[in-house]
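Each chain, letter by letter, is given below.
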There are 2 protein chains.
Amino acid sequence: MSHTEVLPLLEPQAAVPCCPPLNERPMSAGEAEIAAKMFKALGDPVRLRLFSAVASHEGGEACVCDISDVGVSQPTVSHHLKKLKDAGLLSSERRGTWVYYRVEPAVLAAMGALLAGTEKAT
Amino acid sequence: MSHTEVLPLLEPQAAVPCCPPLNERPMSAGEAEIAAKMFKALGDPVRLRLFSAVASHEGGEACVCDISDVGVSQPTVSHHLKKLKDAGLLSSERRGTWVYYRVEPAVLAAMGALLAGTEKAT
């Protein structure tokens, strides 16, 4: 009898459409928890550069092998990409040796809308 | 002779239009430093709620006296508002006893555009 188990494929994190435009009403504690996590993920210069490298790479996706010019080691790149994924900003897919990362457009559009709405505040 | 001095008024921080959409090209180190600072300022749930409280307050501005319902002390509120100001997201103006904070729409619009551009990445 085989001990091989079919491991569930990791689904890209569900795109959480969070939250209303910042100037619509004061954010609830729950909304702020979700949104702050995403902002925090982009709140590091190296992580932001890596995120930009993925987003601007051909086809909107990249593997660690594609982005090595930000002056940090490959394990550090992997670490930061994982943090971006944990925050729901990137999804990932393994193909052979490499894991490919892709921006999560729905989440980013929601973050953009959240900020863009504040233009009307003044 | 009076010892009263006229203190210079604090100018609202210059709105830095930073940076190109994240999917246009990989961010430079300098651009990432600026943008990460702004994202980091929003990367804390309490700070994000306070920011939202200011943005959604009547007239798009508020003083510490207006926002006291996020469950932290007034000195903590002041501390977080200062951090948001230091990141260029809020400007402030003293009127009598209170300092009034206002969202910086140009900076926020730039941040929104930076993220919104990534919708086209996939």
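Residues numbered from 1 in each chain as written. Chains lettered and ligands numbered in written order. Predicted model: local features only at pLDDT ≥ 70, side-chain atom pairs only at ≥ 80, totals over all residues. Heavy atoms only, no water.

A. Spotlight on the sheet that holds strand 1 (residues 61–63) of chain A. All names here are of chain A. Overall, antiparallel pairing links the 3 strands, which are arranged 1-3-2 in an open sheet. Two strands in the sheet have a free side with no partner beyond their single neighbour: strand 1 and strand 2 (90–95). Taking the axes of each pair of neighbouring strands and ignoring which way they run, one obtains an average angle of 30° across the sheet. Summarising the sheet, strand 2 and strand 3 (residues 98–103) pair through 6 bridges and their orientation is antiparallel. Residue pairing across strands places Arg94 opposite Val99, the latter belonging to strand 3. This element, helix 3 (residues 74–86), spans strand 2 and strand 3 of the sheet and lies at about 125° to strand 2. (Pairing = 2+ DSSP bridges. Helix = DSSP H or I, 4+ residues; strand = E, 2+ residues; numbered from the N terminus. Axes fitted to C-alpha atoms, helices over the stretch in contact; angles between N-to-C directions. Contact = heavy atoms within 4.5 Å.)

B. View of the confidence of the model for chain A. Residue and element names in this part refer to chain A. When pLDDT is averaged across chain A, the result is 81; 81% of the residues are at 70 or more. Contacts from residues 6–15, a stretch scored under 50 in pLDDT, to residues over four places away or in other chains number 10 contacts. Prediction confidence for the complex, expressed as pTM and ipTM, is 0.79 and 0.78 respectively. (pLDDT = per-residue confidence, 0-100.)

C. Region of interest: the interface of chain A and chain B. The partner chain B presents 39 residues to the 39 residues of chain A that form the contact. In total, about 3100 Å² of surface goes out of reach between chain A and chain B, with carbon and sulfur atoms giving 72% of it. Linking chain A with chain B are 0 salt bridges. On inspection of chain A and its partner chain B, the count reaches 8 residue pairs in polar contact (both at pLDDT 80 or more). (Buried area = accessible area lost by both parts, 1.4 Å probe. Salt bridge = Lys/Arg side-chain N within 4 Å of Asp/Glu carboxyl O. Polar contact = N/O pair within 3.5 Å; in protein donor to acceptor, adjacent residues only side chain to side chain.)

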